[in-house]
Amino acid sequence: MTETNNVDYIWRQCSEDGKTKPWFVISVIGDTTSIVPSTWEKSGFQSSLIDTAKGAKECWIFHKGGKGKLSETVRKAVKNYRVMTGQRIPDDRSNRIKHFDIWKNVNRANIKLIAIQSTEKRQSLDSSIQSDKFDKHFEIADDKFADVHTNLLKKIGHERVKIMKLQKDLTIRIPVIVIVAEGDIKTIRHVDQILQQGIPVVIIKGSGKAADVISEYLLYGEDVLKSTAPLLLGTYTHQGDLMNIELLMKSIQRQGHMISIFDIKDPTQRSLSDTTTDAILRAWSIGTTNNSLPNTPSPINIDAMKQTGNRSRIQNEKYPIPNLKEIASNCPPFVYK
């Protein structure tokens, strides 16, 4: 696979020159090569991810590919969904006929798995990626990975897809969400960059490492940074690294209205699907009604957040989920042609 840093090229390849646009795009980031200090419930994350993705007729899931544990978790989730819904077709003719007979009336979502892998990561794992495991695969220079990935999601988020054909076609901006699990210092920097482009983010609290550093900071403030960051990241953290993390976290906190926290260990909270839907609608509403808001500090009710552990619940009180008809009539994401 040839290395590419061209966002337009990646979009054309994935969408077949704009002919097959997705109804929903999820990007899962946080692959690392270091050890996660604590284990977390990956099977619960896998089922939540697929439940979120299959809510759309056509969904793209971006991940980093390779043999990273997070990418492997995402890949297995999609593979299992395809097996359970009969999308993996047997090789021999007799079983293929039985396959089509059994699954011909099953209503299922088309989930496309796309790998965007940094060349440095592939080399560090000493493995050449098997592109047949993915629907699409691209390699990005490691020093350009965050820029290309962020700009690609931004471009996709400005594209429109037809969701209904009435007397006039109803189109909608393609919903884009970034899900953060595990991660390292690069991930924290990447999250800040994504937020600055107006792309909503869901943090998987309980997955450890950078995801928990971000959630702990947002929940309890900067006082816990020195004590939790080295432990959660699982690496020795220099004073300079801590200062950089603190600056990044302050920037992330200022964009807190674009962040939702999903606690993987809390069975009582709302589903990941509901959390991502709320995050996208809130990002659309805020981004179109108050352009200055992303540069202002996010109001934080620390006591309430400590009790719930779920930032999205708190933010929904300040920024209630908008009425879709109101959005359609007053702003942009919905347009009739």
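Residues numbered from 1 in each chain as written. Predicted model: local features only at pLDDT ≥ 70, side-chain atom pairs only at ≥ 80, totals over all residues. Heavy atoms only, no water.

*Asks:* Go over the overall build of the protein, please, and point to the residues and values.
*Replies:* Per the secondary structure count, the protein includes 14 helices and ten strands. For the protein, the residues scored as buried account for 51% of the 337 residues in total. Carbon and sulfur atoms make up 48% of the accessible area of the protein, which totals about 16500 Å². (Helix = DSSP H or I, 4+ residues; strand = E, 2+ residues; numbered from the N terminus. Buried < 20%, exposed > 50% of the residue type's maximum accessible area, 1.4 Å probe, protein only. Areas by Shrake-Rupley, 256 points an atom, 1.4 Å probe, with all protein chains shown as cover.)

*Asks:* Please give an account of the side chain of Lys209 that cites residues and values.
*Replies:* Relative to the assigned elements, Lys209 resides in helix H8 (residues 209-220). Within the local environment of Lys209, its side chain forms a polar contact with the side chain of Thr32, the two groups lying 2.7 Å apart. (Polar contact = N/O pair within 3.5 Å; in protein donor to acceptor, adjacent residues only side chain to side chain.)

*Asks:* Describe the packing of helix H1 (residues 7-15) against helix H6 (residues 145-158), with residues and values.
*Replies:* Each packed pair of helices is defined by two parameters, the angle between the axes and the distance between the axes. Look at H1 against H6: their axes get within 9 Å of each other, and the N-to-C directions meet at 55°. Overall, the two elements H1 and H6 adopt an arrangement that is oblique. Crossing of H1 against H6: the hand is right-handed. Packed against H1, whose contacting residues are Val7, Asp8, Ile10 and Trp11, the element H6 presents Val148, Asn151, Leu152, Lys155 and Ile156 at the interface. (Axes fitted to C-alpha atoms, helices over the stretch in contact; angles between N-to-C directions. Parallel < 35°, antiparallel > 145°, perpendicular 65-115°, else oblique. Left-handed = near helix turned anticlockwise from the far one by under 90°. Contact = heavy atoms within 4.5 Å.)

*Asks:* Explain the environment of Leu233 to me, and be specific about the residues and the numbers.
*Replies:* Relative to the helices and strands, Leu233 resides in helix H9 (residues 225-233). Each C-alpha atom of the pair Leu233 and Ala211 lies 9.2 Å from the other, and the pair is 22 residues apart in sequence.

*Asks:* Outline the pairing of strand E1 (residues 24-29), listing residues and values.
*Replies:* Counted residue by residue, E1 has six buried out of six residues, so it is predominantly covered. Two elements, E1 and strand E2 (residues 58-63), share four bridges in a ladder whose sense is parallel. Paired with Ser27 across the two strands is Phe62, which belongs to E2. (Pairing = 2+ DSSP bridges.)

*Asks:* Before we move on, could you go through unusual backbone geometry and cite the residues and values that matter?
*Replies:* As a rule of thumb, non-glycine residues mostly have phi less than zero, and peptide bonds are mostly trans rather than cis. With a phi angle near 55°, Glu16 is a residue other than glycine that sits in the positive phi range. As for its placement among the helices and strands, Glu16 is situated in the loop between H1 and E1.

*Asks:* Tell me what's going on with the nonpolar core, and back it up with residues and numbers.
*Replies:* The biggest cluster of nonpolar side chains holds 81 residues, and the ones touching the most others in it are Ile26, Phe45, Ile61 and Ile204. Every residue in contact with Ile204, bar those within four places of it in the chain, is listed here: Trp40, Phe45, Ile179, Val180, Ala181, Ala211, Asp212, Phe262, Ile264 and Leu272. (Core = buried A, V, L, I, M, F, W, Y, C linked by side-chain atoms within 4.5 Å.)

*Asks:* How would you summarise H6 if you had to cite specific residues and measurements?
*Replies:* Over its 14 residues, H6 extends 20 Å from the first C-alpha to the last, a length consistent with the 20 Å expected when each residue adds 1.5 Å. By the burial criterion, the buried members of H6 are Phe145, Val148, His149, Thr150, Leu152, Leu153, Ile156 and Gly157. (Expected span 1.5 Å × (residues − 1).)

*Asks:* I'd love a proper account of the sheet that holds E1, names of residues and values included.
*Replies:* Reading across from one edge, E4-E3-E2-E1-E7-E8-E9 is the order of the seven strands in this open sheet, with parallel pairing throughout. If you trace the sheet from one side to the other, it starts and ends with strand E4 (136-140) and strand E9 (259-263), each paired once. Averaged over neighbouring strand pairs, the angle between their axes works out to 20° when direction is ignored. Packing against the sheet, H8 makes contact with strand E7 (176-180), strand E8 (201-205) and E9, and its axis sits at approximately 100° to E8.

*Asks:* Residue-level account of the packing of aromatic side chains, with values.
*Replies:* Going through the model one piece at a time under the given rule, you end up with four aromatic pairs. Between Tyr9 and Phe138 the ring centres are 6.4 Å apart and the planes differ by 85°, which places this aromatic pair in the edge-to-face class. On the criterion of sequence distance, the pair formed by Tyr9 in helix H1 and Phe138 in strand E4 is long-range, its members being 129 residues apart. Ring centres of Trp60 and Phe62 lie 6.3 Å apart, and the angle between their planes is 80°; on these two criteria the pair is classed as edge-to-face. Of the two residues, Trp60 and Phe62, both sit in the buried class. What links up through ring pairs into an aromatic cluster is the set Trp11, Trp60 and Phe62. Directly above the ring of Phe145 sits Lys64, whose terminal nitrogen or CZ lies 4.3 Å from the centroid. (Phe/Tyr/Trp six-rings, centres within 6.5 Å; stacked < 30°, edge-to-face > 60°. Lys NZ or Arg CZ within 6 Å of the ring centre and 35° of its normal.)

*Asks:* Got a sec to walk through the pattern of salt bridges? Specific residues and values, please.
*Replies:* For the structure shown, the criterion picks out ten salt bridges. Measuring nitrogen to oxygen at the nearest pair gives 2.1 Å for the salt bridge that ties Glu72 to Arg75. Of this pair, Glu72 and Arg75 both sit in helix H3 (residues 69-84), separated by three residues, roughly a single helical turn. Here Lys186 makes a salt bridge to Asp142, at a shortest N to O gap of 3.3 Å. Of this pair, Lys186 sits in helix H7 (residues 185-196) while Asp142 sits in the loop between E4 and H6, and the two are 44 residues apart along the sequence. Since its relative accessible area comes to 22%, Asp142 is described here as partly exposed. (Salt bridge = Lys/Arg side-chain N within 4 Å of Asp/Glu carboxyl O.)

*Asks:* Could you give an account of the packing of helix H2 (residues 42-53) against H3, with specific residues and numbers?
*Replies:* Orientation of H2 relative to H3, taken along the N-to-C sense of each, is 55°, at an axis distance of 9 Å. When the axes of H2 and H3 are compared, the pair comes out oblique. Along this stretch, H2 crosses H3, giving a crossing that reads as right-handed. On H3, the residues that touch Lys42, Phe45, Gln46, Leu49 and Ile50 of H2 are Leu70, Thr73, Val74, Lys76, Ala77, Val78 and Tyr81. Among the residues forming the contact of H2 with H3, the class breakdown is eight nonpolar, two polar and two charged. (Nonpolar A, V, L, I, M, F, W, Y, C, P; charged D, E, K, R; others polar.)

*Asks:* Can you break down the environment of Phe24 residue by residue, with the values?
*Replies:* Mapped onto the fold, Phe24 is located in strand E1. Judged by relative accessible area, Phe24 falls into the buried class, the value being 8%. In this structure, the C-alpha to C-alpha distance between Phe24 and Trp60, residues 36 residues apart in sequence, is 6.5 Å. Those residues within four positions of Phe24 in sequence are excluded, and the remaining contacts are Thr52, Ala56, Glu58, Cys59, Trp60, Ile174, Pro175, Ile177 and Ile280.

Geometric values such as these leave the question of function open.
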